[in-house]
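The primary structure of each chain is shown beneath.
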Amino acid sequence: MSLFHSSTPFLATSRTCWNTCPPLTSRSLLVSVTRRRRHPSRRVFRLNSYPTIQCDSAMAIDGGSSTSSRVLLESLLYSRAFWVSKSTIAWDVDAGDGSCYLYGSKTANLSVANGEIQGYDVKIDLGKGNDKLPEHVIERFPHIRDYKSLQVPLTVDVAGLLKYQLAVAFITSGGKCTTITGLQLPGVLDELFSYNGPLGPIFSDESISLYLWAPTAQESTIIPDVRVLIYREPEGGDHLEVVQLEEQNGVWSASGPLTWNCCYYVYEVSVYHPSTLKVEKCVANDPYARALSADGKRTLLVNLNSETSKPEGWDDLVDEKPVLLSFSDISVYELHVRDFSACDNTVHPDIRGGFLAFTSMDSAGMLHLKKLSKAGITHIHLLPTFHFGGVDDEKGKWEHLDFQVLESFPPDSEEQQAQVTAIQNVDGYNWGYNPVLWGVPKGSYASNPNGINRIIEFRKMVQALNRIGLRVVLDVVYNHLYASGPYDKDSVLDKIVPGYYLRRNLDGLIEHSTCMNNTASEHFMVERLIIDDLLNWSINYKVDGFRFDLMGHIMKRTMVNARTVLKSLSKLEDGVDGPSIYLYGEGWDFGEVANNGRGINASQFNLGGTGIGSFNDRIRDAMLGGSPFGHPLQQGFITGLFLEPNDHDHGSKSAVENMLAAAKDHIQVGMAGNLKEFVLTNYEGQEAKGCEVPTHDGAPVAYASCPIETVNYVSAHDNETLFDIVSLKTPVRISVDARCRMNHLATSMIALSQGIPFFHCGDEILRSKSLDRDSYNSGDWFNRLDFSYGSNNWGVGLPPKEKNERNWPLIKTRLADPSFKPTRSQILAALENFSSFLSIRYSSPLFRLRTANAIQERVRFHNIGPSWIPGVIAMSIEDGYGGVAGLAQLDPTYSYIVVIINVGPTVVTFTSPALQGRNLQLHPIQMNSTDDIVKDSTYYSPSGCFRIPSRTTSVFVESRSS
């Protein structure tokens, strides 16, 4: 999802979704809506069709003859009371002289007539508790800390009652009902039914067993209410058999013969659903599915440990993994499976755009990845590869465009985007942030979506990448689900245990701050499902890391527990080196979880000390300017702020100079690992810790306790590509060569920073999406990659109207100008420059320091204070000497490194007394490069004077042999 500044005011700038989606009020939630998610959304916004009832926010019932079934539905569609523990219900109501009662109807027949509640099977008098909820309840449910407590009698069969339609009501001393509401049950479900036993399909030598956690599913001695239907075919046909599951403590199970293997199945679950106020018979896949038929019509029974599901040599892969000595040695390259090969003519047409394209070792794309691996990239981050909605698994159903026709239109034409958007929901393209089932590879990336092909081919992809020196990171999306309710074919969890897996607001309506069905990892079985899914990918697919989408919407406890469990995996017991699995994600703090609103969440400022990484948007915004949600022409440190102004009004000259100086401080903090305790001299000449350097809105820049908790980046799949944003923000008059060098500057600064460097696929070859700011559903046309280096995809038409139209006037000017398009030689130069800086990073451990203390002791910045030279960053890294007191020796080759970055349009000279008298030489990699400009960089030892060409990053090293 969007990588935005976590401290940015939410409604003003951080969620463009609010420009396109209706406000999520009680009324709008009840209507079926199809919308894009918040910017940069990448997903379709889907809400299920709930009864369309006009609702009054104050659910008081007058108790008179005007009370109707319609008003009852209005009341019970809300769940404003919380059953938080076996003995306690929390409700924000003043009982006064009346009484509160709990009502239950097994057949969902509650009604109110003439102020009396009817249709109930159970009525329980709730005792008045303390005005304040117990502390342990407040800790679990901080958003209801001010609610009052109602006491459930100890004699009540709570477990049985949870299967009913439930409501609490206030009854006056005269016997009339004035207020009624449904209940939210996750608190009491967790207390009574938290479960650590087997779930999903379990294979043994004698049988196949199925386990389903569904404590609110109904039991009946007359009609089987939780059943599994077994099929031979992936869709259609008659079922082979129907088996009723038996319940024990909320877990339903059944066993069958080994002949079930490779059969398909679905569950039928009878359960009260609060969205319809009915007992529904829901048909759903297994939440613990490990294989599916096309488009998730049915769950496939397959033993992932069977030899038939493994490619040759699979069990030995753990010993073939590329060596990783420390997380500080990681560098990440983000890639979309379809982008990688969909337009690569060196890949066989049958496997383009899918998992098997990574096994085509001599393709242009794989040769490119080999180059990056050789230069230093260690991890390939794959955008979502689980079963997601929005793309049909069956390729024969896709619609296609004629690229030759699109190529005939002008570079600034509206025609390309019109044709792309006309089929965007029926083509084969989507980023994949529409989770349906987390634990199964996506069928559209397989040669056949039915059977076990997707399992084998996914494993072959991991195997192929590992064998060229690249570990694999999966993009996991546990913060939301694509669908909810009892009817949607893509709804799974909300059919099995309605109201539990999805986070709800104080009215009982599903939270949509991510614009789609937020999940609730604060609930025990949600956390368990997430951790079990991580284990599935780690053990069954030998994945090496996970990137968490909107990680801030997940609880910190969940992330820490996940890290602990994964770290415990071993080669001997699990075939996995658990301690080498790296976790990172988007630590943005917004929505209902902001400021720990649902418990301590996994946001940037909460993760210090966990060893879990989060994206550093501060360095990105300082380098590029503004934020992805600000004015598109706002410039930053590398895009010309103060030194090469564009036509945007940035303020007075002194204000702009201060903006540039502040941006330099933000970048320096980021280059030092974005450490809270790192001390530097700021642009005002004052010493300050990283956590004391403020952003534009006063939030601290730094949040990390150790370098591996910072993921430095300047571009990602969200927002414009690096080359596009540089082309947008820089003055129109400058040359394309200047823009290319700014692209070099950005990637070099990320590559040479402490912490984890992260690069979007194509940063290294000037990738363009024709200035599309959100290409989640823009098809292959706008997302094309060319690993033959013939084109960077600039100028392929105006980007899709929905997210870009307001900027079309700015975009059109640039796309229409042929001088903006880079040549093949410039693309190749960018690739060499990128590879050079990666190689420089891995030429010395000093660029990959492992502790905060090591960074504080060794990293210094020199062009500091109010007399600084604008546009120049000077950083040194010092090593010690073996056998000499002081710093330990880490680098056998270099004893001292100096990095000088000049983002300005002219040559600069920079003199530092602290850098006098050293024996510094330009790094051998730069001396031997084809970049003749960097070779003009010089250092004069007696004065400590450096001369750096324009728009250049120069690295000087002091060799131990000199």
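The structure we're discussing is the one just above.
Not measured: the values here are computed from a predicted model.

J.: Give a description of the overall build of the protein chain that names residues and reports values.
T.: Of regular secondary structure, the protein chain possesses 26 helices and 41 strands. The C-alpha radius of gyration of the protein chain comes to 30 Å, within 12% of the 30 Å expected for a compact globule of 962 residues. Counting only C-alpha atoms and orienting by the principal axes, one finds that the protein chain spans roughly 95 × 65 × 60 Å. When each of the 962 residues of the protein chain is scored for burial, the buried share is 64%.

J.: Go over unusual backbone geometry, please, and point to the residues and values.
T.: The phi torsion at N249 lies on the positive side, around 55 degrees, for a residue other than glycine. With phi around 70 degrees, F642 is a residue other than glycine that occupies positive phi space. As for its placement among the helices and strands, F642 is situated in the loop between α17 (617-624) and α18 (653-671).

J.: Please provide a residue-by-residue account of the sheet that holds strand β26 (residues 471-476), values included.
T.: Sheet architecture is closed into a barrel: eight strands sit in the order β22-β23-β26-β27-β28-β29-β32-β33, paired in parallel fashion. Averaged over all pairs of adjacent strands, the angle between their axes in this sheet comes to 30 degrees, without regard to strand direction. Where β26 meets strand β27 (residues 545-548), four bridges bridge the pair, whose relative direction is parallel. The residue bridging V473 from the neighbouring strand is G545, located in β27.

J.: Tell me what's going on with the nonpolar core, and back it up with residues and numbers.
T.: Grouped together as the largest cluster of nonpolar side chains are 214 residues, with contacts concentrated most on W83, L369 and F546. Here this core gets nine residues from one element, more than from any other, and that element is helix α20 (residues 736-751).

J.: Summarise α18; cite the residues concerned and give the values.
T.: Residue pairs three or four apart in sequence face the same way in an α-helix, which turns once every 3.6 residues. The first and last C-alpha atoms of α18 sit 27 Å apart over 19 residues, in line with the 27 Å expected at 1.5 Å per residue. Every buried residue of α18 is listed here: V656, L660, A661, A663, K664, D665, H666, I667, Q668, V669, G670 and M671. One or two residues past the end of α18 sits G673, with phi positive at roughly 85 degrees.

J.: Kindly report on the environment of A520, identifying the contributing residues and their values.
T.: When you line up the elements, A520 lands in the loop between α13 (493-496) and α14 (524-540). Its relative accessible area of 0% is what places A520 among the buried residues. Separated by 177 residues in the primary sequence, A520 and C343 have C-alpha atoms spaced 39 Å apart. Sequence-distant contacts of A520, that is, excluding residues within four places in its chain, are made with Y500, Y501, L502, R503 and V526.

J.: Could you give an account of the pattern of salt bridges, naming the residues involved and the relevant values?
T.: With the rule as written, the count across this model stands at 41 salt bridges. Between K297 and D295 there is a salt bridge, and its shortest N-O distance comes to 3.7 Å. Overall, K297 belongs to the partly exposed group, its relative accessible area being 33%. Looking at D295, the relative accessible area reads 18%, which means it is buried. Measuring nitrogen to oxygen at the nearest pair gives 3.5 Å for the salt bridge that ties E307 to K310. E307 sits in the exposed class, given a relative accessible area of 57%. Here the salt bridges do not stand alone but share partners, grouping D475, R547, D549 and E586 into one network.

J.: Let's hear about the sheet that holds strand β39 (residues 938-940): which residues, and what values?
T.: Spatially, β37-β40-β39 is the arrangement adopted by the three strands of the open sheet, whose pairing is antiparallel. Only two strands of the sheet have a single partner each, and these edge strands are β37 (908-911) and β39. Here the average twist between neighbouring strands, direction ignored, is 15 degrees.

J.: Any details on the packing of helix α19 (residues 722-729) against α20? Residues and values, ideally.
T.: It is the contact of α19 with α20, at a shortest axis distance of 10 Å, that shows an interaxial angle of 125 degrees. It follows that α19 is oblique to α20 by the angle criterion. The interaxial crossing formed by α19 with α20 has right-handed handedness. Contacts from L722, F723, V726 and S727 in α19 reach V736, R739, C740, M742, N743, A746 and T747 in α20.

J.: I'd like to hear about the packing of aromatic side chains, residue by residue, with values.
T.: A ring pair, where both rings are aromatic, is described by two values, the distance of the centres and the angle of the planes. Applying the stated criterion to the full structure yields 32 aromatic pairs. Residues F355 and Y445 carry aromatic rings whose centres are separated by 5.5 Å and whose planes lie at 70 degrees to one another, so their mutual orientation is edge-to-face. Of this pair, F355 sits in the loop between α8 (337-341) and α9 (364-375) while Y445 is found in the loop between β25 (435-441) and α12 (453-467), placing the two residues 90 residues apart along the sequence. On the basis of relative accessible area, Y445 is assigned to the buried category, the value being 4%.

J.: Explain the side chain of N712 to me, using residue names and the numbers behind them.
T.: Tracing the sequence through the fold places N712 in strand β32 (residues 710-712). Of the residues examined, N712 reaches a relative accessible area of 0% and is grouped as buried. Looking at N712, its side chain comes within polar contact range of the main-chain oxygen of G670, at 3.1 Å. The contacts of N712, once residues within four sequence positions are left out, are N616, I619, G670, I750, S753, Q754, I756, P757 and F758.

J.: Requested: an account of the pairing of β37, with residues and values cited.
T.: Of the two faces of β37, the one holding V908 and F910 is buried and the one holding T909 and T911 is not buried anywhere. Direction of pairing for β37 relative to strand β40 (residues 945-948): antiparallel, over a ladder of four bridges. By the bridge assignment, T911 is partnered in β40 with C945.

J.: An account of the packing of α17 against α18 is needed here, citing residue identities and associated values.
T.: Two measures define how a pair of helices packs: the angle their axes make with one another and the distance between the axes. It is the contact of α17 with α18, at a shortest axis distance of 8 Å, that shows an interaxial angle of 140 degrees. The pairing of α17 with α18 is recorded here as oblique in orientation. Crossing of α17 against α18: the hand is left-handed. Of α18, the residues touching α17 (which contributes R618, I619, A622 and M623) are A663, H666, I667, G670 and M671.

J.: Tell me about the pairing of strand β11 (residues 177-181), and name the residues and values.
T.: In this structure, strand β10 (residues 165-171) lies alongside β11, joined through four bridges in antiparallel fashion. In the sheet register, I171 faces β11, and the bridge partner there is C177. Counted along the chain from β10 to the antiparallel partner β11, the turn is five residues long, and its residue G175 has a positive phi close to 90 degrees.

J.: Tell me what's going on with the side chain of N601, and back it up with residues and numbers.
T.: Structurally, the position occupied by N601 is in the loop between β28 (582-585) and β29 (613-616). Given a relative accessible area of 0%, N601 falls into the buried group. Aside from chain neighbours lying at most four places away, what touches N601 is G552, I554, M555, K556, D589, V593, N596 and N606.

J.: Explain the environment of D544 to me, and be specific about the residues and the numbers.
T.: Along the polypeptide, D544 turns up in the loop between α14 and β27. C-alpha of D544 to C-alpha of L406: the two residues are 138 residues apart in sequence and 39 Å apart in space. If near-sequence neighbours (up to four positions away) are discounted, D544 is found in contact with K321, H379, N466, R471, V472, S580, I581 and Y582. There is a polar contact of 2.8 Å between the side chain of D544 and the side chain of K321.

J.: Lay out the environment of L324 in plain terms, naming residues and giving numbers.
T.: Assignment of secondary structure puts L324 in the loop between β21 (299-300) and β22 (332-335). Distance in space between the C-alpha atoms of L324 and I581 is 10.0 Å, their sequence separation being 257 residues. Those residues within four positions of L324 in sequence are excluded, and the remaining contacts are D329, I330, H379, R471 and S580.

J.: Could you give an account of helix α24 (residues 824-841), naming the residues involved and the relevant values?
T.: Here α24 is 18 residues long and its end C-alpha atoms lie 26 Å apart, about the 26 Å a rise of 1.5 Å per residue gives. Considered for burial, the residues of α24 that qualify are Q826, I827, A830, L831, N833, F834, S835, S836, F837, L838, I840 and R841. In the core, the buried residues of α24 are packed alongside α9, α20, β33 (756-760), α26 (924-927) and β41 (952-959).

Definitions and cut-offs
Residues numbered from 1 in each chain as written. Predicted model: local features only at pLDDT ≥ 70, side-chain atom pairs only at ≥ 80, totals over all residues. Heavy atoms only, no water. Helix = DSSP H or I, 4+ residues; strand = E, 2+ residues; numbered from the N terminus. Rg over C-alpha atoms; globule rule 2.2 N^0.38 Å. Buried < 20%, exposed > 50% of the residue type's maximum accessible area, 1.4 Å probe, protein only. Pairing = 2+ DSSP bridges. Axes fitted to C-alpha atoms, helices over the stretch in contact; angles between N-to-C directions. Core = buried A, V, L, I, M, F, W, Y, C linked by side-chain atoms within 4.5 Å. Expected span 1.5 Å × (residues − 1). Contact = heavy atoms within 4.5 Å. Salt bridge = Lys/Arg side-chain N within 4 Å of Asp/Glu carboxyl O. Parallel < 35°, antiparallel > 145°, perpendicular 65-115°, else oblique. Left-handed = near helix turned anticlockwise from the far one by under 90°. Phe/Tyr/Trp six-rings, centres within 6.5 Å; stacked < 30°, edge-to-face > 60°. Polar contact = N/O pair within 3.5 Å; in protein donor to acceptor, adjacent residues only side chain to side chain.

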